[in-house]
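Examining the three-dimensional arrangement
Each chain is listed here by its residues.
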Amino acid sequence: MPVDSPNIPGRSDLAEAVERIVESYRQHGNINHLDGTNLPSRSEATELLDDLVSILFPGYFVQEQVDALTCRYFVGERCARVLRRLERAIDRALALGAPDAPAIMDSSERAALAHEHALALIAAIPDIRHTLDTDVFAAVSGDPAARSRSEVILAYPGVEAIAVHRLAHFLYRRRIPLLPRLLSEIVHRRTGIDIHPGANIGPFFFIDHGTGVVIGETCRIGAHVKIYQGVTLGALSVDRSVNPPASGQRHPTIEDHVTIYAGATILGGDTVIGARSIIGGNVWLTRSVPTDTMVILDNPSLRFVSVA
Amino acid sequence: MPVDSPNIPGRSDLAEAVERIVESYRQHGNINHLDGTNLPSRSEATELLDDLVSILFPGYFVQEQVDALTCRYFVGERCARVLRRLERAIDRALALGAPDAPAIMDSSERAALAHEHALALIAAIPDIRHTLDTDVFAAVSGDPAARSRSEVILAYPGVEAIAVHRLAHFLYRRRIPLLPRLLSEIVHRRTGIDIHPGANIGPFFFIDHGTGVVIGETCRIGAHVKIYQGVTLGALSVDRSVNPPASGQRHPTIEDHVTIYAGATILGGDTVIGARSIIGGNVWLTRSVPTDTMVILDNPSLRFVSVA
Amino acid sequence: MPVDSPNIPGRSDLAEAVERIVESYRQHGNINHLDGTNLPSRSEATELLDDLVSILFPGYFVQEQVDALTCRYFVGERCARVLRRLERAIDRALALGAPDAPAIMDSSERAALAHEHALALIAAIPDIRHTLDTDVFAAVSGDPAARSRSEVILAYPGVEAIAVHRLAHFLYRRRIPLLPRLLSEIVHRRTGIDIHPGANIGPFFFIDHGTGVVIGETCRIGAHVKIYQGVTLGALSVDRSVNPPASGQRHPTIEDHVTIYAGATILGGDTVIGARSIIGGNVWLTRSVPTDTMVILDNPSLRFVSVA
């Protein structure tokens, strides 16, 4: 590969490369969005998410001055900002559409709907905080190493993941395209916990450590469920040619008060883990488990070899 | 859900939502800290952590100009900044307290103690660097893909995780509430490696790849130990109603020169892995292993099915 | 530990600590780079990476205004910036050298070579985009939960990981020290997916969820391969004293149209997974598998215990 001409080194080569890149945008237009539709970018979604979390847990993540006297003004200012950001992001998502939510072409209809959805999420924050309070309680009482609610909110990735999930799930149920997945992926990047916004999760939910946890779109999880790092609640097969269960549920049902230890994998839409059961570490399950049952690996056969 | 009045669209609904959020702060006051106590926020702790790491490994992570001539001024300026940041963060942590470290109410006593702890950590940096030098050596000599010490420091998450752990463990041993966990969680988010600040880890420690590693609070790890991605060193049961071992140790002991391959899980405070032993991938262990022993899965029974 | 003198509290202690830190830089000079060589810092590499990704997928990650009219100017400006940043980073890497690429001492020779490498990567972007288009297609068609190409680009960590890998692999093949690993580690931190820049990966590649995936330096992966979270494609032993296979390949070969489910581990340079085979979840393999074969755990023996 020759070094370019001595006069203006590299300039013409660079110009040629730029032309070829522009040409490649035309050819594979579908791997970007130069076509006029403005998607919500990841940086916009990240700012929106951080604003929402700062309303859920004021004073924890950013250095804002919040006390009993000033908190009304803080919350008011933050909610107004979130409302505008949510409206813009939802408007763009509605213009994009999805297989189960056709794009809305009329811009004033879209703006009204975006406003309605955005306001609904803000109005739901007290209820979401109420449920998050149960999740924080579950973390404090479920981990002997937890020292306080403050520690749990600041330093437990599982609490952040469930907080963002409860927001994303609200938007998912309103069939807003793209945005819920964008929010859940931002928290996946931060925590290693991948909860699809479609998953239905009851109160008092606790994920400990969390790295590698995957919870699929049609999971149904009851109350007081505890999950450790590396647990997958997934689909049996992702082959589109295989018919999903008649219910349309591709991922398992976990009933109340179940504990699932590290690295366990539970698959399939017909799989139900009965209430109060315990799934041991590394267990691989594709069938249902009755209530009040402990499932563990049966004397996993290990070989001990001297290497002295 | 009706769109709001035509005059000032959404304004009254927003105002109402804000009032309900403020009300929810009063009700669930314990999931935020509006009560006058200012906790260290995560953004403050992140700045502090980045400053500390830039002193441990100058010139690696931020674009500062550091050479033999100017490094005294760089270090002096950075240490002065770290001292102030540490004092503030420790002061707030001491005001919060913890079950095993009662809150210190007197503000001048707290300030003096915060200064003492902060200065002690800065004074310990040369010793911490000395130990980190052994960890970097272990990484370079333990991974055939490692090309240089520079590559290991810049691109091995395990080196960053143990660097931050050695700082956090110093603060943990001085019983400073919250801050050590906050630091270790920041590096967990970045690397997927979750080391509790309480874990006691010897020199020449190397974690390769690292995503999903969990090391519990009361682990004791010797010198020259090597750990791969997805390894858990955990507690046998986290049920508070089960008595922990008499020693108070809930997590395993790993002796010198042990290697633990990817996905292995070792649980329990009475479990001791003897010196020079090798634990194979995916092994699940809840009992001790003698010295000089290799433990592997015994011909894991696989089924091969033709799908042609 | 006494609080310091009342006059200028802590100042002399701080000065002493600073001197001891500077002294420790002299002693363990090799865990920093005060010796005149300026490495590419992680923050510089991060900016470079974000610029490159914004050219690959314009409009997705940062809030830039890009449309058919302005995109030539956007791309031109961005490419010029990337060229300068790449030149600087490559120049520093060439000055550092590596075991298989001796440091280039002559600064004008180094500058010319850095320019050549940088321009070559920019010129390769259309081809890389062409291959990424196949990866995006594989993600959309391989995951029933995927709604659109936009969602896949914005919210699938596997797509980001393979995009950065294809850039890093290009630089790796040109034997540029350090920089490829630096880029792949930045995306590892973001996604939990750890692909060594040396790995050879065919088109239509899809990693779902991804947290905990590790793909080693000498892996060879064909076309239409699908991999789930927690999969390791690794070396059998990392002991330098054990001779690697004669081929020099330490990591497995995965042929076309293979699917590998969550948590499977495949090790060794002589291990070949034949075309169209399926490796089940949690399978641990150190030997080859013929074509068109499904390998699953054979009735993993579980114990069910009533805990009612």
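Conventions adopted
- Residues numbered from 1 in each chain as written.
- Chains lettered and ligands numbered in written order.
- Predicted model: local features only at pLDDT ≥ 70, side-chain atom pairs only at ≥ 80, totals over all residues.
- Heavy atoms only, no water.
- Helix = DSSP H or I, 4+ residues; strand = E, 2+ residues; numbered from the N terminus.
- Contact = heavy atoms within 4.5 Å.
- Polar contact = N/O pair within 3.5 Å; in protein donor to acceptor, adjacent residues only side chain to side chain.
- Least-squares fit on C-alpha atoms with pLDDT ≥ 70 in both.
- Expected span 1.5 Å × (residues − 1).
- Buried < 20%, exposed > 50% of the residue type's maximum accessible area, 1.4 Å probe, protein only.
- Pairing = 2+ DSSP bridges.
- Buried area = accessible area lost by both parts, 1.4 Å probe.
- Nonpolar A, V, L, I, M, F, W, Y, C, P; charged D, E, K, R; others polar.
- Salt bridge = Lys/Arg side-chain N within 4 Å of Asp/Glu carboxyl O.
- Axes fitted to C-alpha atoms, helices over the stretch in contact; angles between N-to-C directions.
- Parallel < 35°, antiparallel > 145°, perpendicular 65-115°, else oblique.

The next thing to look at is the environment of Thr218(C). Residue and element names in this part refer to chain C. With respect to the helices, strands and loops of the structure, Thr 218 is situated in the loop between β4 (214-215) and β5 (220-221). Distance from Thr 218 to His 196, taken between C-alpha atoms, is 8.4 Å for residues 22 residues apart in sequence. Setting aside its immediate chain neighbours within four residues, Thr 218 contacts Gly 248, Gln 249, Arg 250 and His 251. Within the structure, Thr 218 has its side chain in polar contact with the backbone nitrogen of Arg 250 (distance 2.7 Å). Side-chain polar atoms of Thr 218 contact the side chain of His 251, separated by 2.8 Å.

With that settled, consider the relation of the copies chain C and chain A. Aligned on chain A, chain C shows an RMSD of 0.0 Å; the corresponding rotation is 120° and the shift along the axis is 0.0 Å. What we have between these two chains is a three-fold relation. Take the interface residues of chain C: only 4% of them recur as interface residues in chain A, which is what a contact between different surfaces looks like.

Three- or four-residue spacings in an α-helix give side chains the same orientation, since the helix completes a turn every 3.6 residues. Relative to the 18 Å expected for 13 residues at 1.5 Å per residue, helix α7 (residues 179-191) of chain A spans 19 Å between its end C-alpha atoms, a close match to the ideal helical length. Along α7(A), 13 of the 13 residues are buried, which leaves the element largely enclosed by surrounding structure.

What follows covers the relation of the copies chain B and chain A. Here the two chain copies are tied together by a rotation about an axis and a shift along that axis. Mapping chain B onto chain A calls for a screw motion: a turn of 120° about the axis and a shift of 0.0 Å along it, with 0.0 Å RMSD after fitting. A distinct binding surface is used by each copy, with only 5% of the interface residues of chain B retained as interface residues in chain A.

Here the focus is the environment of Asp133(B). Residue and element names in this part refer to chain B. Within the fold, Asp 133 resides in helix α4 (residues 107-142). For the pair Asp 133 and Arg 189, spaced 56 residues apart in sequence, the C-alpha to C-alpha distance is 24 Å. In terms of polar contacts, Asp 133 uses its side chain to reach the side chain of Arg 149, at 3.0 Å.

Turning our attention to the sheet that holds strand β12 (residues 278-279) of chain A. If you trace the six strands from one edge of the open sheet to the other, you get β3(A)-β6(A)-β9(A)-β12(A)-β14(A)-β15(C), paired in mixed fashion. Only two strands of the sheet have a single neighbouring strand rather than two, namely β3 (206-207) of chain A together with β15 (302-306) of chain C. Direction of pairing for strand β9 (residues 259-260) of chain A relative to β12(A): parallel, over a ladder of two bridges. Looking at the pairing, Ile260(A) lines up with Ile279(A) of β12(A).

Further remarks concern helix α2 (residues 42-56) of chain A. Here α2(A) spans 21 Å end to end across 15 residues, near enough to the 21 Å set by a 1.5 Å rise per residue. All of the buried residues along α2(A) are Arg42(A), Glu44(A), Ala45(A), Leu48(A), Leu49(A), Asp51(A), Leu52(A), Val53(A), Ser54(A), Ile55(A) and Leu56(A).

It is worth spelling out the interface of chain B and chain A at this point. By convention, interface size is frequently given as the accessible area that disappears when the constituent parts associate. In this complex, chain B contributes 66 residues to the contact, which on the side of chain A involves 72 residues. Interface area, chain B with chain A, both sides summed: about 6,200 Å², of which 58% is carbon and sulfur. There are 15 residue pairs in polar contact (both at pLDDT 80 or more) connecting chain B and chain A. Taken together, the elements giving at least two residues each to the side of chain B that touches chain A come down to α1 (11-27), α2 (42-56), α7 (179-191), β13 (284-285) and β14 (293-297) of chain B. A total of 11 residues in the side of chain B that touches chain A trace back to one element, the largest contributor, which is α1(B). When grouped by side-chain class, the residues that make up the side of chain B that touches chain A number 28 nonpolar, 18 polar and 20 charged. Alignment of strand β15 (residues 302-306) of chain A against β14(B), held across five bridges, turns out to be antiparallel.

Counting across every chain of the model gives 63 salt bridges over all chains. Between Arg190(B) and Asp50(B) there is a salt bridge, with the nearest N and O atoms lying 3.0 Å from each other. Taken together, the positions of Arg190(B) in helix α7 and Asp50(B) in helix α2 put the pair 140 residues apart, joining distant regions of the chain. Across the pair Arg181(C) and Glu151(B) runs a salt bridge whose closest N-O atoms are separated by 3.5 Å. With Arg181(C) in helix α7 (residues 179-191) and Glu151(B) in helix α5 (residues 149-155), this residue pair bridges two chains. The class for Glu151(B) is buried, based on a relative accessible area of 3%. Here the salt bridges share partners, and the residues they tie into one network are Glu47(A), Asp51(A), Glu77(A), Arg78(A), Arg81(A) and Arg85(A).

A separate point is the sheet that holds strand β12 (residues 278-279) of chain B. Strand order in the open sheet formed by six strands is β15(A)-β14(B)-β12(B)-β9(B)-β6(B)-β3(B), with mixed pairing between adjacent strands. Two strands lie at the open edges of the sheet, namely β15 of chain A together with β3 (206-207) of chain B, each paired on one side alone. In terms of strand pairing, β12(B) meets β14(B) through two bridges, oriented parallel. Within β14(B), the position partnered with Ile279(B) by the bridge is Val295(B).

A word on the side chain of Ser150(B). In this fold, Ser150(B) is placed in helix α5. Residue Ser150(B) is classed as buried on the basis of its relative accessible area, which comes to 11%.

Residue and element names in this part refer to chain C. Two elements in contact, helix α2 (residues 42-56) and α7, have axes separated by 10 Å at closest approach and are oriented at 80°. On the basis of the axis angle, α2 is roughly perpendicular to α7. Counted together, Arg 42, Ala 45, Thr 46, Leu 48, Leu 49 and Asp 50 of α2 and Leu 179, Leu 182, Leu 183, Ile 186, Arg 189 and Arg 190 of α7 form the full contact between these two elements. Of the residues assigned to the contact of α2 with α7, the class counts are seven nonpolar, one polar and four charged.

Contacts between chain C and chain A engage 72 residues on the former and 67 residues on the latter. Roughly 6,200 Å² of surface becomes buried between chain C and chain A when both sides are summed, with 58% attributable to carbon and sulfur atoms. The tally of links between chain C and chain A comes to five salt bridges. At the junction of chain C and chain A, the tally comes to 15 residue pairs in polar contact (both at pLDDT 80 or more). Broken down by secondary-structure element, the contributors of at least two residues to the side of chain C that touches chain A are α2, α3 (71-96), α4 (107-142), α5 (149-155), α6 (157-173), α7 and β15 of chain C. If one sorts the elements of the side of chain C that touches chain A by residue count, α4(C) sits on top with 18 residues.

The values are spatial; any link to function lies outside them.
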